[in-house]
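# Examining the three-dimensional arrangement
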Amino acid sequence: QVQLVESGGGLVQAGGSLRPSCAASGSIFSIDVFGWHRQAPGKQRELVAAISSGSTHYEDSAKGRFTISIDNAKNTVYLQMNSLKPEDTAVYYCNAAPGGSSWYGGYWGQGTQVTVSS
């Protein structure tokens, strides 16, 4: 199967940057799309960014500020987050879905906390 491990979250001031990473291992060849979701306290989980075959998607609030990328040689997915705002505070989860499955039928990391202070 596939294992995902996130790291690189932390505490930053508004306007700062973070670059969480997601190390993938296992049957990575089966994965069709990688993504990042986030979940703030009391809110439902939402998709922030996704990448598949070089094509990317971003949630509206992330456009122009966040960039998802893959270092194929390192089997690692990144989420570059710039111009961070307090409303970006959440647990960020790396996830991966095989072809033909939904996000929820795929794989999830343990999450990494991102906190943005005003």
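As a starting point, this report considers the structure included with it.

Cut-offs used in this document
Residues numbered from 1 in each chain as written. Predicted model: local features only at pLDDT ≥ 70, side-chain atom pairs only at ≥ 80, totals over all residues. Heavy atoms only, no water. Disulfide = S-S within 2.5 Å. Helix = DSSP H or I, 4+ residues; strand = E, 2+ residues; numbered from the N terminus. Buried < 20%, exposed > 50% of the residue type's maximum accessible area, 1.4 Å probe, protein only. Contact = heavy atoms within 4.5 Å.

Take the state of the cysteines next. Any covalent bond linking the sulfur atoms of two cysteines counts as a disulfide. According to the stated counting rule, one finds one disulfide in the structure shown. Covalently, C22 is tied to C94 through a disulfide, its sulfur atoms 2.1 Å apart. Handedness here is read from the sign of the S-S torsion; for C22 and C94, about -75°, the answer is left-handed. Of the two residues, C22 is situated in strand β3 (residues 21-26) and C94 in strand β9 (residues 90-98); the sequence distance between them amounts to 72 residues. You'll find C22 and C94 in the same group, each marked buried.

Glancing now at the environment of Q3. As for its placement among the helices and strands, Q3 is situated in strand β1 (residues 2-7). For Q3, the contacting residues outside a window of four places in its chain are A23, A24, S25 and G26.

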